[in-house]
Amino acid sequence: MTGSLSGVATVFRRELATVVRTPGYGVLAVGLLLVVAGLLAAGGGGATGFVPAVVDLLLPTEVLVPLVAVVLGYRALLSDAESGELAVIRTYPVRVGEYVAGVLLARTVALVAVVGVPYALVGGVVWLTAAPDTGIFATHTGVDSPALFVRFLAFVLLLGAAYVSLAAAVSALAASRRSAIALGVLALVAGVLGGDLALLRSLAAGGSPTAIPESIALTPNGAFRGLVFEHVIAVAFAPEGEFVATGRAVASLIVWTLLGAVVSGSALAYGRRVDAAIEEIRGGFGG
Amino acid sequence: MSDEPVAALSGVSRTYGGVSVLESVSLSVDPGVTAVVGPNGSGKSTLLRVLVGATEPTGGEVTLPGATGPKPIGYLPQRVPFREGFTARETLAFYARLVGDDPDAALERVGLGDAGDRRVEALSGGMRRLLGIAQSVLGDPSLVALDEPASGLDPGMRERAFRAAAERADADTAVVVCSHALDLVDEHADRVVLLHRGEVAVAGPLDRLLDEHDAADARELYRVVVGETSALARDEGDGSDGSGSDDDGDETEPAVHVTGVSDR
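Quick caveat: nothing in here was measured; it's all calculated off a predicted structure.

**Observations concerning the overall build of chain B**
Step number 1: Along chain B, the regular secondary structure elements total eight helices and nine strands.
Step number 2: A sequence separation of at least 24 residues applies to 73% of the contacts in chain B between residues at least 6 apart.

**Focus: the overall build of chain A**
Step number 1: Helix and strand content of chain A: eleven helices and zero strands.
Step number 2: Taken from N to C terminus, the helices and strands of chain A fall in the order α-α-α-α-α-α-α-α-α-α-α.
Step number 3: Against the compact-globule benchmark of 19 Å for 287 residues, chain A has a radius of gyration of 21 Å, which places it among compact chains.
Step number 4: Counting only C-alpha atoms, chain A reaches 70 × 50 × 35 Å along its principal axes.
Step number 5: For chain A, the proportion of its 287 residues judged to be buried stands at 45%.
Step number 6: Residue pairs at least 24 apart in sequence account for 77% of intrachain contacts in chain A once pairs closer than 6 positions are excluded.

**Overview of the sheet that holds strand S2 (residues 19-29) of chain B**
All names here are of chain B.
Step number 1: The three strands are arranged S2-S1-S4 in an open sheet whose pairing can be described as antiparallel. One side of each edge strand has no neighbouring strand; the edge strands of this open sheet are S2 and strand S4 (59-63). Taken pair by pair, the neighbouring strands of this sheet meet at an average axis angle of 20°, ignoring direction.
Step number 2: Taken together, the four bridges between strand S1 (residues 7-16) and S4 define a ladder with antiparallel strand orientation. Considered in S4, the bridge of Ala8 is made with Thr63.

**A few points about the interface of chain A and chain B**
Interfaces are frequently sized by the accessible area removed from exposure as the parts join.
Step number 1: On the side of chain B, 32 residues touch chain A, which itself brings 29 residues to the contact.
Step number 2: Taken together, the residues of the side of chain A that touches chain B sort by class into ten nonpolar, nine polar and ten charged.

**Concerning the pairing of strand S9 (residues 199-205) of chain B**
Residues and elements named next belong to chain B.
Step number 1: In this sheet, S9 lies alongside strand S8 (residues 191-196) in antiparallel orientation, the contact comprising six bridges. Paired with Leu194 across the strands is Val202, a residue of S9.
Step number 2: Counted between consecutive antiparallel strands, the loop separating S8 from S9 contains two residues, among which Arg197 sits at a positive phi close to 55°.

**Considering the confidence of the model for chain B**
Residue and element names in this part refer to chain B.
Step number 1: For chain B, mean pLDDT is 85; residues scoring 70 or higher make up 85% of the total.
Step number 2: Ranking the elements of chain B by mean pLDDT puts helix H5 (residues 155-166) last, at 85, and helix H2 (residues 88-99) first, at 97.
Step number 3: pLDDT under 50 marks residues 233-264. Its contacts with residues more than four places away, or in other chains, come to 92 contacts.
Step number 4: The complex prediction reports pTM at 0.87, with the ipTM value standing at 0.85.

**Quick word on the sheet that holds strand S6 (residues 143-147) of chain B**
Residue and element names in this part refer to chain B.
Step number 1: Here six strands make up an open sheet; going across it, the order is S5-S6-S7-S3-S8-S9 and the pairing mixed. Where the open sheet ends on each side, the last strands, each with one partner, are strand S5 (73-76) and S9. Strand-to-strand, the axes of this sheet are offset by a mean angle of 15°, without reference to chain direction.
Step number 2: Judged from the five bridges that link them, strand S3 (residues 32-37) and strand S7 (residues 174-178) form a sheet pairing that is parallel. Within the sheet, the bridge partner assigned to Gly32 lies in S7 and is Ala174.

**A closer look at the environment of Phe50 of chain A**
All names here are of chain A.
Step number 1: Locating Phe50 in the fold gives a position in helix H3 (residues 50-73).
Step number 2: Taking the number of C-beta atoms within 10 Å as the measure of exposure, Phe50 has 27 and is therefore buried.
Step number 3: Spatially, the C-alpha atoms of Phe50 and Leu153 are 11 Å apart, while their sequence positions differ by 103 residues.

**What to know about unusual backbone geometry**
Residue and element names in this part refer to chain B.
Step number 1: Positive phi, normally seen in glycine, also occurs at Glu148, with a value near 55°.
Step number 2: A positive phi is found at Arg197, a non-glycine position, where the angle reads about 55°.
Step number 3: Note on placement: Arg197 falls in the loop between S8 and S9.

**Concerning the environment of Ala211 of chain A**
Residue and element names in this part refer to chain A.
Step number 1: Position of Ala211 relative to the elements: it lies in the loop between helix H8 (177-204) and helix H9 (212-215).
Step number 2: With 12 C-beta atoms counted inside 10 Å, the residue Ala211 sits in the exposed group.
Step number 3: For the pair Ala211 and Val244, spaced 33 residues apart in sequence, the C-alpha to C-alpha distance is 9.6 Å.

**Considerations on the packing of helix H7 (residues 146-173) of chain A against H8 of chain A**
All names here are of chain A.
Step number 1: Where H7 meets H8, the axes come as close as 9 Å, and the angle between the chain directions of the two elements is 145°. Note that H7 runs across H8; the crossing there is right-handed. Counting all contacts with H7, which are made through Tyr163, Leu166, Ala167, Val170, Ser171 and Leu173, the residues of H8 involved are Ala180, Leu183, Gly184, Ala187 and Gly191.
Step number 2: Here the residues of the contact of H7 with H8 are counted per class, giving eight nonpolar, three polar and no charged.

**Some details on the packing of H3 of chain A against H8 of chain A**
Relative orientation and spacing of two packed helices are given, respectively, by the angle between their axes and the distance between those axes.
Residue and element names in this part refer to chain A.
Step number 1: Relative to each other, H3 and H8 sit at 155°, their axes nearing to 10 Å. Considered as vectors, H3 and H8 are oriented roughly antiparallel to each other. Read as a crossing pair, H3 and H8 show a hand that is right-handed. Between H3 and H8, the residues in contact are Glu62, Val63, Pro66, Leu67 and Val70 and Gly184, Ala187, Leu188, Gly191 and Val192, respectively.

Rules used throughout
- Residues numbered from 1 in each chain as written.
- Chains lettered and ligands numbered in written order.
- Predicted model: local features only at pLDDT ≥ 70, side-chain atom pairs only at ≥ 80, totals over all residues.
- Helix = DSSP H or I, 4+ residues; strand = E, 2+ residues; numbered from the N terminus.
- Contact = placed C-beta atoms within 7 Å.
- Rg over C-alpha atoms; globule rule 2.2 N^0.38 Å.
- Buried ≥ 20, exposed ≤ 12 C-beta atoms within 10 Å, placed from the backbone.
- Pairing = 2+ DSSP bridges.
- Axes fitted to C-alpha atoms, helices over the stretch in contact; angles between N-to-C directions.
- Nonpolar A, V, L, I, M, F, W, Y, C, P; charged D, E, K, R; others polar.
- pLDDT = per-residue confidence, 0-100.
- Left-handed = near helix turned anticlockwise from the far one by under 90°.
- Parallel < 35°, antiparallel > 145°, perpendicular 65-115°, else oblique.

Take a look at the structure:
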């Protein structure tokens, strides 16, 4: 293994061990399972098939998954910085980028477990219990299928990965646990509501509705919703136009994920210099 | 042995919230044991953090001409920061993997061979410090910086901690130790840097400083130069649990740490 990969792998192992030894994350997964199962039971879509189940879960998922991702990520980079261990780690031959990559990968794997397992279990229950028969793998429009739920799950994890990365960025920028929570909540609200509000404002200001498939893809939630409509729900009927530009939506989720990683790395790499520069400026004004 | 110092600070200053903590500190760190002493709040921990790169100075520069290798610096902060939930061996294994070292050998070196399976939070304060020292010397760094390695320990343990640190010093390795334990400074230090109000009051070989100030030992030197004895009443070893949270050194720094200004 090369030096960089070895550094990433070593940090990844430590971070994953930390996650595994944190009982709260197990509780989080169980809680999510109960909520998702409850939503399906209340909505009744799960008894009918995968597409109705996805319709029931779509909007709650846009809140639940970012929430879980923020819980998983808001202290990811803060804890070592807060305890002073980051200063120790930085005396070792591991670059900031490797450290951030290792932590983010481990937290993303945790997301796959905490979010992916409950959703997969619910999907399994739908497969076993829904009527009419949902055991057909869709090959053409109009047929409900487990593959549609797998697609939905993939989009859910992409959305979650973007929020884990953004939450990690928050944790790198925060100076304390309290500020990390405040920034995390702010990021959550802005992410969940901000895109839709901006879109509504744009339409109210005379923006063209034909631009929606392009502009909706710009935010993580918009991209996720568009992809689910385009590639899961729309399979059940013949839509007149596209809900979202698929390539743009997938790219958007990937870019948000990378953006979080870059902000995290930059905050850790240059935070001390920025801090010293602020002090110098303060000194220039006479303290 | 090279003529170059392992590390050098030139006109280094640092402020927190506009309050000066270090002021125009110029130092040369040579191989051997250098003890940094001074009253609480004199800037010892900040000096060490600047030296290892954990804190960016607001003025001056730090160079490491003689610190080489894949891991040129070893550092133990005043508060031993290891994650709870991990055993001593797992903790060292994480760091050892980054430099290709052997965690078990490192545990043995500081006498923690039998405590490898104990969780970090179950270790006594002294054992945590020894674990921290074991971590700091992994990868054979040329510069080892230890902040209060004997803080909060009983007499036997503080001697053991200090000795474990001092044993690392050789012709190519510099060990810099912040300490209030002036008896251990007498016993182990080759050179002393005495900080007072963020400035270097005196610095040089201990023997020379004792001669110049007509002092019998480091304690008397301290008294002559700083002109006070209050800080000495809180010698290392008087702390409670050895966790390093006993406000024994430059933990006064957070008092001038303002919201929004972080030193990480």
